[in-house]
Structures are given as C-alpha cells and as structure tokens.
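Letter by letter, the chains look like this.
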Amino acid sequence: MFRILFYRPEIPPNTGNAIRLAANTGCELHLVEPLGFNFEENHLRRAGLDYHDLAVVRVHPDLASAWAALLPAKVYAFTTAGSKRHTEVAYSPGDVLMFGPESAGLPPEVRDAPEITDRVRLPMRPANRSLNLANSAAVSVYEAWRQHDFAGAS
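- The chain carries the name Putative tRNA (cytidine(34)-2'-O)-methyltransferase in an unreviewed UniProt entry, which gives Amycolatopsis magusensis as its organism.
- Taken verbatim from the UniProt record of the chain, the Subcellular location (unreviewed entry) comment is "Cytoplasm".

**A word on the side chain of Asp95**
Consideration 1: For Asp95, the location among the structural elements is in the loop between β5 (84-85) and β6 (96-99).
Consideration 2: Buried within the structure, Asp95 lacks any salt-bridge partner; its nearest side chain of opposite charge belongs to Lys74, at an N-O separation of 5.6 Å.
Consideration 3: A polar contact of 2.7 Å, which involves the side chain of Asp95, links it to the backbone nitrogen of Ser92.
Consideration 4: For Asp95, the contacting residues outside a window of four places in its chain are Phe2, Arg3, Lys74, Tyr76 and Ala90.

**Digging into the sheet that holds strand β7 (residues 118-121)**
Consideration 1: Spatial ordering of the open sheet is given by β3-β2-β1-β6-β4-β7-β5, a layout of seven strands whose pairing is parallel. Of all strands in the sheet, those bounded by a partner on one side alone are β3 (56-60) and β5.
Consideration 2: Packed onto the sheet, helix α1 (residues 12-25) meets β1 (3-7), β2 (28-32) and β3 and runs at close to 155° relative to β2.
Consideration 3: Against the sheet, helix α3 (residues 63-70) touches β1, β2, β3, β4 (75-78) and β6, its axis set at about 175° to β1.

**Description of unusual backbone geometry**
Consideration 1: Residue Glu33 is joined to Pro34 through a cis peptide bond whose omega torsion reads 5°.
Consideration 2: Topologically, Pro34 is positioned in the loop between β2 and α2 (42-48).
Consideration 3: Residue Pro72 is reached from Leu71 by a cis peptide bond, and omega for that bond is 5°.
Consideration 4: Relative to the helices and strands, Pro72 is located in the loop between α3 and β4.
Consideration 5: Of note in this structure, Arg8 is not a glycine but carries a positive phi near 55°.
Consideration 6: Residue Asp149 is not a glycine yet carries a positive backbone phi of 55°.
Consideration 7: Assignment of secondary structure puts Asp149 in the segment after α5 (133-146).
Consideration 8: Note on Asp149: relative accessible area 66%, which makes it exposed.

Calculation criteria
- Residues numbered from 1 in each chain as written.
- Predicted model: local features only at pLDDT ≥ 70, side-chain atom pairs only at ≥ 80, totals over all residues.
- Heavy atoms only, no water.
- UniProt positions renumbered as here; feature names shortened; annotations may be inferred.
- Helix = DSSP H or I, 4+ residues; strand = E, 2+ residues; numbered from the N terminus.
- Buried < 20%, exposed > 50% of the residue type's maximum accessible area, 1.4 Å probe, protein only.
- Lys, Arg positive; Asp, Glu negative; His and termini not counted.
- Salt bridge = Lys/Arg side-chain N within 4 Å of Asp/Glu carboxyl O.
- Polar contact = N/O pair within 3.5 Å; in protein donor to acceptor, adjacent residues only side chain to side chain.
- Contact = heavy atoms within 4.5 Å.
- Pairing = 2+ DSSP bridges.
- Axes fitted to C-alpha atoms, helices over the stretch in contact; angles between N-to-C directions.

Shown next, in the form of structure tokens:
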C-alpha cells in the first residue's frame, strides 16, 4: 500500500485523523519530529479513536531517518507550489505521499530535496491558501488507491 509522510505535524486532531485514514486504507503513517504534540494528548486519541492498534505508525527523529526507512521509493511532495495535479500522477504501491506542517507547508529545502520525485498540488480556488492537512492526505490517498481499484477493500 501507500505510505503517508507528515513532516513535523503540529495539530493533534489532524494526525489522529491520519491514523484513522491509515487504518482504513492499509497505508503506513510516518511522522517526522519534532511533533507539535505527544501521543497522550486527548485531541489525538479522540480523533484516532480505537484505530491506533489497527494502523502502522512510525515516528522518525528527523528527515534523514525517515528517508532511510522509506527509500528507495517515489516521493510525492504535496505543496501549493506543485507542478502537477494529484490526478496526473500514476501512483504505485509503496509510493510516499508527503505533507508539510499545518502552519507553513513544506519548507523549500524539503520540498526541493533530491529525494523528492515530484511536487504535486491539489486543485483549489486561487484566492485560498491551503486545505486542511488530514483532508489533503485523505484526498490524495484515495486517488492513489482508486488508481489500483481499491485493492484490498471489501
């Protein structure tokens, strides 16, 4: 399945929702520290509900550690500066869908890192700044999964 990578997430409910997303789609969720919360926070636990035990979640102390665990793979950085829409990518199982922190998105040194295969954007109205992190991950994961006829779903 696909792998979701949150680089320095800040808001607990977004990560809790991503845990639920990972559990329900068979994706792995990878988090790069520092995190803006700890796993004991009520907001995170409430958003993830009882899905924590059903999801594969890995926390990496830094981006280099995440790369060591995830590569080789195609890595799609989701950013408003993306060169193509999320529907223009032919995803393969094992691909990494990477998202930045809620307050600022991926910083240029991460977005333009040599490990990044391509920069991808979700369409939205031009006057708007960004979509919610958990929603962006869900839209992206479901498009990738749809391209594989929702393999493994009932």
